[in-house]
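What the coordinates show
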Amino acid sequence: MIRKTSSITGKRTQRPGFLRAGSIIFASSFALGFSALAGNMNLPEQNMGSSNAPQPGETTEQTQADSQTAPQPADLSEAAAGIGDNVLTGAWATLGDFNNDGHPDYVLRNGSTLQTAIWYLNNNVFIGGALGPSIRVGWSLDGVADFNRNAHPDYALFNPGTDQTAIWYMSGPTRVSAAFGPTLPDGWELRQTADFNGDGFPDYVLFNSTSNQTAIWYLNNNVYVSGAFGPTLPVNWSLVGVADFDGNGHRDYVLFNVSNHQTAIWYLSGSTFIRGAYGPTIPSGWALVATADFNGDVHPDYLLYNPASRQTAIWYLNNNVFVGGAFGPTLPAGWSLVGP
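Residues numbered from 1 in each chain as written. Predicted model: local features only at pLDDT ≥ 70, side-chain atom pairs only at ≥ 80, totals over all residues. Heavy atoms only, no water.

For the protein, the count of helices and strands is one helix and 21 strands. Within the protein, contacts between residues separated by at least 24 positions form 48% of all contacts whose residues are at least 6 apart in sequence. (Helix = DSSP H or I, 4+ residues; strand = E, 2+ residues; numbered from the N terminus. Contact = heavy atoms within 4.5 Å.)

Here it is as structure tokens:
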């Protein structure tokens, strides 16, 4: 039976045999290889990194896809003075270490041009930026992880109109190739990417907005291997990140309740819920949009985003306990941490 949860630590029962290979809708064209991909997916050609090294403190109003300069942090004096209640619902950001310096970097999105950009960080400090590839209309960037294990984070894309997924293989901010991933069943969406079974390959975390059910699809690069149900989320809670909070080698869920700004950690073993604990409550006007270890203490931290001011902030954690905070860079107009 499909399980339900009634509280933040709700238990659920396992439904065996879920999402076996036969239940996936694979197009026969998958076997034809990459030759058919460009025509079917109409992949963009904007794959350049920035030709001009960005400098901290500069601002730019350029938001066109053909801009050769990556966006720069906004002047804090231009940010909205007040913190309103324009909080994002069910939105999440994507992070990855694109320059291999051991620090997570921001992936920015431009809602008008669908351009992406990488902001390289040292902890909470902006140190440089470069343009990434533009996302095609109808597709969304839903995850960042190293799918082909070449030490470069890749883009995981989802098309909600066709339920198709795709991997864009990257070298730093540059797209070098692409491949389709498995097609999701109707009613499911791609929500996160992380390695849940410890085989070194990132897996898909799926979410069903009707039932609030999650599921893990285990992958080998872009190929589906097997699947299992994960825990069902309580009403009003959304999955915004995945990381190992208790240091046991298993990925955990990070949940955010947009109605009361509460956060919670769901500790998992593979796809199985073990226990839950509340994390710190987010201030009004801010949203929890991602998690990563920003200060290198081996504890995942919260990434907060204020859509009204475009300000970012890092909350440093020890497991689920807040230990300190710092502002991150403010995004320029037209750019966001969340979106397509």
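A few words now on the pairing of strand E8 (residues 174–181). The pairing of strand E7 (residues 164–171) with E8 spans seven bridges and is classified as antiparallel. By the bridge assignment, Thr165 is partnered in E8 with Gly181. In sequence, E7 turns back onto E8 through a hairpin of two residues, with Gly172 there showing a positive phi of about 65°. (Pairing = 2+ DSSP bridges.)

This brings us to the environment of Arg149. Examined against the element boundaries, Arg149 turns out to sit in the loop between strand E5 (140–145) and strand E6 (154–159). Arg149 has contacts with Asp199, Gly200 and Phe201, leaving out every residue within four places of it along the chain. Polar side-chain contacts of Arg149 include one of 3.3 Å to the backbone oxygen of Asp199. (Polar contact = N/O pair within 3.5 Å; in protein donor to acceptor, adjacent residues only side chain to side chain.)

Before going further, it helps to examine the pairing of strand E16 (residues 272–279). By the bridge criterion, seven bridges tie strand E15 (residues 263–269) to E16 in an arrangement that is antiparallel. Across the sheet, residue Ser269 finds its bridge partner in E16, namely Thr272. Where E15 folds back on E16, the antiparallel hairpin that results is connected by two residues, among which Gly270 adopts a positive phi of roughly 65°.

Bringing the sheet that holds E16 into the picture now. The strand order across the open sheet formed by four strands is E13-E14-E15-E16, and the pairing between neighbours is antiparallel. At either margin of the open sheet sits one strand with a lone partner, and together these are strand E13 (237–243) and E16. Averaged over all pairs of adjacent strands, the angle between their axes in this sheet comes to 25°, without regard to strand direction. Note that E13 and strand E14 (residues 252–257) share six bridges and pair antiparallel. (Axes fitted to C-alpha atoms, helices over the stretch in contact; angles between N-to-C directions.)

Its place among the elements puts Leu304 in strand E18 (residues 301–306). Between the alpha carbons of Leu304 and Val289 there is a distance of 5.9 Å; along the sequence they are 15 residues apart. In this structure, Leu304 is in contact with Ile282, Trp286, Ala287, Leu288, Gln311, Thr312, Ala313 and Trp315, ignoring residues within four places of it in sequence.

This brings us to the sheet that holds E6. Judged by pairing direction, the sheet is antiparallel, and its four strands sit side by side in the order E5-E6-E7-E8 without closing on themselves. Looking at which strands have only one partner, the edges of the open sheet turn out to be E5 and E8. When the angles between neighbouring strand axes are averaged without regard to direction, this sheet yields 25°. Sheet topology places E6 next to E7; five bridges connect them, and they run antiparallel. From the neighbouring strand, Tyr155 faces E7, where its bridge partner is Trp168.

Mean pLDDT over the protein: 80, with 73% of residues reaching 70 or higher. When the criterion is pLDDT under 50, residues 1–68 qualifies, and its contacts beyond four places in sequence or with other chains add up to 153 contacts. Confidence over residues 75–86 falls short of pLDDT 50; this stretch has 17 contacts with residues more than four positions distant or in other chains. (pLDDT = per-residue confidence, 0-100.)

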